[in-house]
Amino acid sequence: MKVSDKLKKRLLLALLLSAAWDCSPVAAREQKTLTLTTAATRAGDTYIDSSATTSNFGTATNLNVAGKNSGANPVRALIQFDLTSLPSIGVKQAKINLFVSSINKAGFIYEAHLLTSLWTESGATWANRLATTAWATAGGVYNATASSSLTPNNTTDVGIYHAWDITADAQSWYSGTQNFGHLFLQNQTHGNDATGININSREAATNNPQIALTFLQQISSLNAAAGNGSVALSWTNPTPISGSTVLEAYTGVLILRQQDKAVAAASVPADGTTYSQCSTIGSNNDVVVFVSTSSATTFTDSGVCGGLTNDHLYFYKVFALDAATNYSTECGTATSGTGACSANGSAIVPEVTAVPSATAPYHAAWVFNTLAGSLSSPGVDPGASVVTASNALMFDLNPQTGAPVAPPIGIGGAVAGRPVLIDGPDDSIGHNVAYVPAQDNFVYAANTDTGSLDWVVNPSSVPFVASAGIQAKLFSGASYILAQDLVVVGTHNAGSTSANQIFGLNGNSGATVWTFTGGGLNPSLDIISSAPSVDYVHGAIWVTSRSNGGTSQPSLWKLNPNTGVVLFSAKLGPIDYSPTLSPQSDVLFVSVNGGALTAIDPVTGSTLGSINPGDGGVKNSPAVATASMPYTVVLTTNSQVWSYQFSCLTNPCLPGGGTFTKFWGGTAINNPSAPLTYSGLTKVYVGGGDGKIHELDLATGVDGKQRLLNTSVTVGDVGIDTVLSLALASASDGRCYAFAIPF
Amino acid sequence: MIAIGGCAMNSPIMIVAPQPAPLAMAVRLCDSAALGCVNTTNFSLASMRDLTVNVDWQNVPGGTHTQQLAVLLPNGVVYQTISQGFGVPESTLGSPTVIDAMPVAGTFITQRQLAGEWTVQVSLDGAVVGLQKFQLEAN
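Fair warning: this is a prediction, and the values are worked out from it, not measured in the lab.

### Looking at the interface of chain B and chain A
In this complex, chain B contributes 28 residues to the contact, which on the side of chain A involves 47 residues. Each partner contributes to the roughly 2,800 Å² buried at the junction of chain B and chain A, and carbon and sulfur atoms together form 47% of this total. The interface formed by chain B and chain A contains one salt bridge. Between A:Asp526 and B:Arg49 there is a salt bridge whose closest N-O contact spans 3.0 Å. Put simply, chain B and chain A have 16 residue pairs in polar contact (both at pLDDT 80 or more) between them. For the side of chain B that touches chain A, the secondary-structure elements that each account for two or more residues are β4 (60-72), β5 (78-94) and α1 (108-111) of chain B. Looking at which element gives the most residues to the side of chain B that touches chain A, the answer is β5(B), with eight residues. Among the residues making up the side of chain B that touches chain A, the classes are represented as nine nonpolar, 15 polar and four charged.

Put into structure tokens, the structure is as follows:
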């Protein structure tokens, strides 16, 4: 069989471009090799030695991998690469290339395994994954099935790079799995090998570890504009990343559409297949409405392939396409078996929604799939950053486009609350940071500029469910004597109704500044489910908790931020919601689970007044819409939204001297979220159990306009980017949505 | 393990090897607030604290393993995943019980009454092994 000249050139090119020889086909647009250097912040390499179980080798220039004494004393290498420069790609192939400087014996198998626990280069030992935290199993926690393996020859394979194929693992890092890197071990079935192989580490002078990725970038800046019976889409096609090798040219896009529900994450156009307009893909029958091979950047759907029906929701997902008919999915060419697309094969492909209408068309500003429906609200740094946590991943998004600015940040446990963001000029750590407590008993501080972790600490042996409260030193008065910002977190020890804890952590280092433990000589402390509130005026931290089912123990706590000493506590009944301070800090509004909204004097702790509108009692934190007394307070119950005016006969307000006067209510909304409004805003935003964000008129309570996120989903608490005028919310379909406000 | 050597033959000899015991597991669910772990698949959001998931494994090969639980919402979307490593002595088949817990009380599950039929999907080393459905009942 004669090989064509064209194919010969192609094969030669592929050989020259590959860091290590490989016979498998490569057909995709870009290839980039990233070298692991000491400059990479979201990465690391080390080795761990069963003969030196507490020794860390994070600064070693060689990584040893061996099964000494017939496997009785193994040595393993850990390597994690920084993929920050490739935030949004469909991976087609990924290989770890390691420079092997010595090989003791031939015939031994060296395997790469996906690590499944977070570790650090400076903390990892045979015994520990972090400085003071042990692996669940000594020697590393990883998938037992090797991702790939090699059997190098000890004479001919020394002093060259060797490649381990980790394609499926790299694809999973972009579709829902944390990236904790790989563990390399010697398969221990071949007898004794005293020294195994040595690999150049990132600290070596030359020939550092590399990862070679072949991929398609996603399209960006996807916009929809809904009209009467039409939806106009626009986007920006990818341009090659600096330093990448172009294998195939981007030629256009393929667009899938679905009505009244999302395009399925498992709906993936198969590489190598050309689709015709109006064909369908996947069991969800997602419709191919547009295929372009001429680098189009717009498409107006005026009703192709069965037409658009006004006032219905349409999802559009836009895949980048190259000259070899590869699509920007997280899968290879096979439709089943090895290389088949995972269930999330198209999960991070950009998508957007629109509702065409003759009278009131609208569209989402952006949509981002967080891959889990945890309903954790996005944290917003207005105009600068959106960070949303979902399950065990944290996503750093461009607030204008919703595009990820870094690959997902792996967290060791699930995150249930809103990440708390502080920007560099305002915090003590000196750069933009997000603080995230997690259910693996750890608290994380992530640099949202780089996606790297500033610190990870383990103050507790039980989970954190609630978001953190942050006291910024910059905004604190003279009574705040700590040198750095304070991060306050409370535990969810479901096994105890009395001995939960509250920790004050150093915002720069994570070190524990103080601890309050319930029980013993202290009042009993049940689980904490909501973020503490910082009272800058009175120099206090307010925390709410459950109370063992009744009013026999406290559920509202006032703590000294410098010491953690309890200044005051109140037995109001179980509370799962954060307290809301009035803008003047003269009233603290607290929602008791299924009970009354209670106004508390933040100085004395006395109850000023309370209101229970019925409908099963209050739920969620209230919102305060006016800057000073009398306060307009918006609250929600099981299926309604209410507004009350809170006022006092005297100044200061005396115990029992506060009065709630109903403004309006209850406006019917199925299973409402916490209301969002604030001084200067004339609207109230509420997420519903009906899949919508509702925009209520603050003056009348009229539910005037809504935005449908998705059908049959529950919408979480709403956040607002005041700079970009966007309302943001997560939904139980796992997506984060942004809509322009006012609706 | 079977070692095969020698030359190819026209009439192959059938080698009957003992079949490895099949990997198996069973899931027990309970409310952490209940005394002991009373296995059930119906829970009340009004009283539940944590969902405790006990996975009883059988015939797990020796070595290091990672169990992953994916807890799916009634709409089939992942709500949360929980990974845990465990070890089985080399050259043995292990029958460990791996216990994980998912907070329920005070989370969005109770705050937003995410009731309905949920699913726990159990994977070992990246491969799905089985699942268990359970019911969360609204207040």
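### What about the nonpolar core?
Residues and elements named next belong to chain A. One finds Phe184, Leu213 and Trp366 to be the most contacted residues of the largest nonpolar core, which totals 52 residues. Here the element with the most residues in this core is strand β5 (residues 89-103); it accounts for seven residues. Excluding residues within four positions of it along the chain, Trp366 makes contact with Val386, Leu397, Asn398, Pro399, Gln400, Thr401, Gly402, Leu726, Leu728, Cys736, Tyr737 and Ala738. In terms of nonpolar packing, the next biggest core, distinct from the first, is built from 35 residues, Leu254, Val263, Val288 and Val349 among them.

### Thoughts on empty space enclosed by the protein
Applying the stated criterion across every chain yields a total of four cavities of 30 Å³ or more. Of the pockets and cavities examined, the largest cavity occupies roughly 60 Å³. Split into classes, the residues belonging to the lining of the largest cavity amount to nine nonpolar, no polar and no charged.

### Describing the environment of A:His492
Relative to the helices and strands, A:His492 is located in the loop between β33 (486-490) and β34 (501-506). What makes A:His492 buried here is its relative accessible area of 0%. Separated by 24 residues in sequence, A:His492 and A:Phe516 have C-alpha atoms that sit 14 Å apart. With residues near it in sequence (within four places) discarded, A:His492 still touches A:Val462, A:Pro463, A:Val465, A:Asn500, A:Ile527, A:Ile528, B:Asp50, B:Pro103 and B:Ala105. One polar contact links A:His492 to B:Asp50, side chain to side chain, over a distance of 2.7 Å.

### Here we look at the sheet that holds strand β35 (residues 512-517) of chain A
All names here are of chain A. Here four strands make up an open sheet; going across it, the order is β32-β33-β34-β35 and the pairing antiparallel. Two strands close off the open sheet at either side, each with one partner strand: β32 (469-471) and β35. Neighbour to neighbour, the strand axes of the sheet diverge by 15° on average, direction disregarded. Summarising the sheet, β32 and β33 pair through three bridges and their orientation is antiparallel. The partner of Gln471 across the bridge, within β33, is Leu486.

The rules behind the values
- Residues numbered from 1 in each chain as written.
- Chains lettered and ligands numbered in written order.
- Predicted model: local features only at pLDDT ≥ 70, side-chain atom pairs only at ≥ 80, totals over all residues.
- Heavy atoms only, no water.
- Contact = heavy atoms within 4.5 Å.
- Buried area = accessible area lost by both parts, 1.4 Å probe.
- Salt bridge = Lys/Arg side-chain N within 4 Å of Asp/Glu carboxyl O.
- Polar contact = N/O pair within 3.5 Å; in protein donor to acceptor, adjacent residues only side chain to side chain.
- Helix = DSSP H or I, 4+ residues; strand = E, 2+ residues; numbered from the N terminus.
- Nonpolar A, V, L, I, M, F, W, Y, C, P; charged D, E, K, R; others polar.
- Core = buried A, V, L, I, M, F, W, Y, C linked by side-chain atoms within 4.5 Å.
- Buried < 20%, exposed > 50% of the residue type's maximum accessible area, 1.4 Å probe, protein only.
- 1 Å grid on protein atoms, 1.4 Å probe; cavity = no way out; pocket = protein on both sides within 12 Å on 5 of 7 lines; lining within 4 Å.
- Points joined across faces, edges and corners; volume = space filled by probe spheres on them.
- Pairing = 2+ DSSP bridges.
- Axes fitted to C-alpha atoms, helices over the stretch in contact; angles between N-to-C directions.

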